[in-house]
Amino acid sequence: MSDRPQGFDTVQVHAGNTPDPTTGARQIPIYQTTAFVFRDAEHAAALFNLQEVGWIYSRLTNPTVAALAERITALEGGVGGIGCSSGHAAQIMALFPLMMPGCNVVASTRLYGGTYTQFTQTIRRFGWSAKLVDFDDLDAVKAAVDENTRAIFCESIANPGGYITDLDAIGKLSDDVGLPLIVDNTSASPYLCRPIDFGATLIVHSTTKYLTGNGTVTGGALVDSGKFDWSASGKFPSLSEPEPAYHGLNFHEALGPMAFTFHSIAVGLRDLGTTMNPQGAHYTLMGIESLSLRMEKHVANAEKVANWLEADDRIESVTYAGLKSSPYFDRVERICPKGAGALFSFAVKGGYDACVKLVDSVELFSHVANLGDARSLIIHSASTTHRQLTDEQREASGALPNVVRLSIGIEDPDDIIADLDQALTKATA
């Protein structure tokens, strides 16, 4: 094949997928095995010394999981990636080589509730901390960076409101302060947005969502752009200084653009064990084959539903960035030119009680704590996914008491609207 870059639709089907050399199987097999046989003692030693790339133990590497990581990496435009047990695991894996006790990450206030809790509570047990800032205020973001900051973190399309981060501006700011930018690209998927094109260093995904697309498995992924200089500042000794567990190997010096990926496997997966299982990877590989087709339908449906809601007298407001009335409408063409995604929220007249009644009255929608499914999903974030946050934190993240979050599926849009219509009638009677 020529050197001409392949299109997205081709990559989503073929990346990481070659016929099995033993059987000729066209589809990627599920390598449901714990360990792999070494050719001999010398081969085993070379693998453990990182002198040769190969299969050792499925906590570290597995062919099915590796195929998935290769495919997501290709779609994101990175150089290397790993599969993780969940999106939250991918976030910890992204921070793990960068942070030390006393270090902090500057993060957007517009975060999924579980990430908010992970950053403000859980990571404190590692001696890390997070500074949460409104990423529309670039001066405040820059002011939050101090000598102990090791990363900047945001979501491309934020959950729950569908807010689109100005990745172009945040990418330039991260470059100016010499810090890696980590972007959670779950809600957009690489079909709608490729954060590396805007200067992101690392991409994290909950593969549970749009990449798999059918609500069957939990998983995560971490992709490295390969563009960050880990040795420039001396702030990242795990990557730029000798690693005692590998006889003094300097990952960045020895592996260059692949330093972060190899460290994440050889140290991160080895010691944290946040490993994706091969069967889960197989389900996600199958899902990705139709990613572009699904995302086009998700977006088209979301646009129609959001416009209908905005025109309805029972609704106070709709947060969908694809609406011309949205303050973030101008970012869609720049950041997500193929559409503003299918995740957004809306405020119901009648407040908290009306929201609860609405959620209890839907018939086509599924009331679940998930997004990115082929099915349309609904949830009241303030009482569920963002329940552990304070009132101020919920307001900052867009999870107000009178707000319901929708993840629009790929059903007939008229059926989606009809279900919302009948549920709203009951909720606001």
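Look up a bit, the structure's there.
What you see is a predicted model; the values in this text were computed from it and never measured.

Enquirer: What exactly am I supposed to notice about the layout of surface pockets here?
Expert: The probe, sized like a water molecule, is rolled over the atoms to show the empty space still left. The volume enclosed by the largest pocket comes to roughly 1,000 Å³. What lines the largest pocket is a set of 44 residues, and nearest its centre among them are Gly54, Trp55, Thr61, Asn62 and Ala66. At the level of secondary structure, the elements contributing two or more residues to the lining of the largest pocket comprise α2 (41-48), α3 (63-76), β1 (80-84) and α11 (259-272). In terms of residues, the lining of the largest pocket owes the most to one element, α3, which gives seven residues.

Enquirer: Please explain the packing of helix α4 (residues 87-95) against helix α5 (residues 113-120) as it appears in this structure.
Expert: Each pair of packed helices can be summarised by the angle the axes make with each other and by the distance between the axes. In the contact formed by α4 and α5, the axes pass within 11 Å of each other and the chain directions differ by 40 degrees. Like other packed secondary-structure pairs, α4 and α5 cross with a definite hand, here right-handed. Here α4 contributes His88, Gln91, Ile92 and Leu95 to the contact with α5, which in turn contributes Gly114, Thr115, Gln118 and Phe119. Of the residues contributing to the contact of α4 with α5, the split by class is three nonpolar, five polar and no charged.

Enquirer: Could you clarify how one ought to interpret unusual backbone geometry in this entry?
Expert: Across residues other than glycine, the phi torsion is negative in most instances, and most of the peptide bonds are trans. For the peptide bond that leads from Asn159 to Pro160, omega is 20 degrees, which places it in the cis range. If you trace the backbone, Pro160 turns up in the loop between β4 (149-155) and α7 (167-177). The backbone of Leu50 shows a phi angle near 65 degrees, a positive value even though the residue is not glycine. Note that Leu50 resides in the loop between α2 and α3.

Enquirer: Would you mind going over the pairing of β4 with me for this structure?
Expert: Strand residues, when the strand is regular, have side chains that alternate between the two faces of the sheet. Among the seven residues in β4, seven count as buried, and that is most of the element. Across four bridges, the pairing between strand β2 (residues 104-108) and β4 is parallel. Across the sheet, residue Val106 finds its bridge partner in β4, namely Ile152. In this sheet, strand β5 (residues 181-184) lies alongside β4 in parallel orientation, the contact comprising four bridges. Paired with Ile152 across the two strands is Leu181, which belongs to β5. As for the winding sense of the linkage, the β-α-β connection from β4 through α7 to β5 is right-handed.

The rules we used
- Residues numbered from 1 in each chain as written.
- Predicted model: local features only at pLDDT ≥ 70, side-chain atom pairs only at ≥ 80, totals over all residues.
- Heavy atoms only, no water.
- 1 Å grid on protein atoms, 1.4 Å probe; cavity = no way out; pocket = protein on both sides within 12 Å on 5 of 7 lines; lining within 4 Å.
- Points joined across faces, edges and corners; volume = space filled by probe spheres on them.
- Helix = DSSP H or I, 4+ residues; strand = E, 2+ residues; numbered from the N terminus.
- Axes fitted to C-alpha atoms, helices over the stretch in contact; angles between N-to-C directions.
- Left-handed = near helix turned anticlockwise from the far one by under 90°.
- Contact = heavy atoms within 4.5 Å.
- Nonpolar A, V, L, I, M, F, W, Y, C, P; charged D, E, K, R; others polar.
- Buried < 20%, exposed > 50% of the residue type's maximum accessible area, 1.4 Å probe, protein only.
- Pairing = 2+ DSSP bridges.
- Right-handed = clockwise from strand over helix to strand, strands pointing away.

Geometric values such as these leave the question of function open.
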